Amino acid sequence: MKTEDKNNNGPLRVAVLGSRQVGKSALTVRYLTKRFIGEYRSDTDMLYKCVLQVDGAPQSVEIMDTWASCDQSSDAHLQWAEAFVVVYAITDKQSYTWAANTVQELSERRSSASVLMLGNKSDLGHLREVEEVEARTLALTHASRFSEVSTAESCTPVADALDNFLKEVKTHRGGSNGNTLSNGSPKQRKLSVTRMLGSLIGRHSPPPQHITELIVLDKEERSKLVRCSRQI
């Protein structure tokens, strides 16, 4: 199955990649709901489907918050998404090494994809193990965007970084052919966004306004996604 997604009205597909404990889920939920949740326990990918304002116009967006331990699905993620947010923690050199290797892999296997390298936990500067100039230089070497943020401290830098990135992804799509699956997701379990995030944020909190659908991929469904991507 090989497709070229030239439809500018189709969803922008973004995969959030990173090793454990770097704040991928916190970053995703912070961006979509403006709320911060400090702890997550997840052994599955989360796929958020929503409509966001991108470059002044409504745009369907799909963001996959990936589970770091699911190594078998990494190939599927690379094929499914047209853009990637690679997250590391500035307090964890090992997570930076993982991110650097991933950015390198993306430059080799998905050279036309848009990539944002994002250093999280910038509020913990006293515990810094990764210098900003080192990470920024690496990102520039691979023609990737770069930003440092604190998901815990403020939603504004997170929103600015991802808003600008999505704008770039949309512009890039208009000038190149995609290499993503137009029907690459299996039939996943659809959950109530209010119920799912309510259990994380608090039952009495108002529901997010622009998330229209949250899909959870269990192990069997991730395997389907892997098999589907390998048919490309």
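Residues numbered from 1 in each chain as written. Predicted model: local features only at pLDDT ≥ 70, side-chain atom pairs only at ≥ 80, totals over all residues. Heavy atoms only, no water.

Going by what an unreviewed UniProt entry lists, the protein chain is known as Ras-related and estrogen-regulated growth inhibitor-like 7 and is assigned to Homarus americanus.

J.: How should the pairing of strand β2 (residues 45-54) be read in this particular structure?
T.: It is a general feature of regular strands that their side chains alternate between the two faces of the sheet. For β2, a buried count of seven out of 10 residues is recorded, marking the element as mostly surrounded by other parts of the structure. One ladder, built from nine bridges, connects β2 with strand β3 (residues 57-65); its direction is antiparallel. Paired with Val54 across the strands is Ala57, a residue of β3. Taking the residues that link successive antiparallel strands as the turn, the β2-β3 hairpin has two residues, and the phi of Asp55 there is positive, at about 55°. (Buried < 20%, exposed > 50% of the residue type's maximum accessible area, 1.4 Å probe, protein only. Helix = DSSP H or I, 4+ residues; strand = E, 2+ residues; numbered from the N terminus. Pairing = 2+ DSSP bridges.)

J.: Where do I start with the confidence of the model for the protein chain in this structure?
T.: In regions of low pLDDT, the predicted coordinates are not meant to be interpreted in detail. Taken over all residues, the pLDDT of the protein chain has a mean of 78, while the share at 70 or more is 68%. Element-level mean pLDDT values for the protein chain span from 42 in strand β7 (residues 189-191) up to 98 in strand β6 (residues 145-148). Predicted confidence is poor over residues 1-6, with pLDDT under 50, and the contacts of this stretch with residues over four places away or in other chains come to 15 contacts. Note on residues 178-209: pLDDT is under 50 here. Beyond four places in sequence and across chains, it has 75 contacts. (pLDDT = per-residue confidence, 0-100. Contact = heavy atoms within 4.5 Å.)

J.: I would appreciate a short explanation of helix α5 (residues 156-175) in the present structure.
T.: Residues three or four positions apart in an α-helix share a direction because the helix packs 3.6 residues into each turn. The terminal C-alpha atoms of α5 lie 29 Å apart, and with 20 residues this matches the ideal 28 Å at 1.5 Å per residue to within 8%. Taken together, the buried positions of α5 are Val158, Ala159, Ala161, Leu162, Phe165, Leu166, Val169 and Arg173. Seen end-on, α5 carries its buried residues on one side only, within an arc spanning 165°. Of the exposed residues in α5, those oriented more than 90 degrees away from the buried face are Thr171, Gly174 and Gly175. (Expected span 1.5 Å × (residues − 1). Arc of directions from axis to C-beta.)

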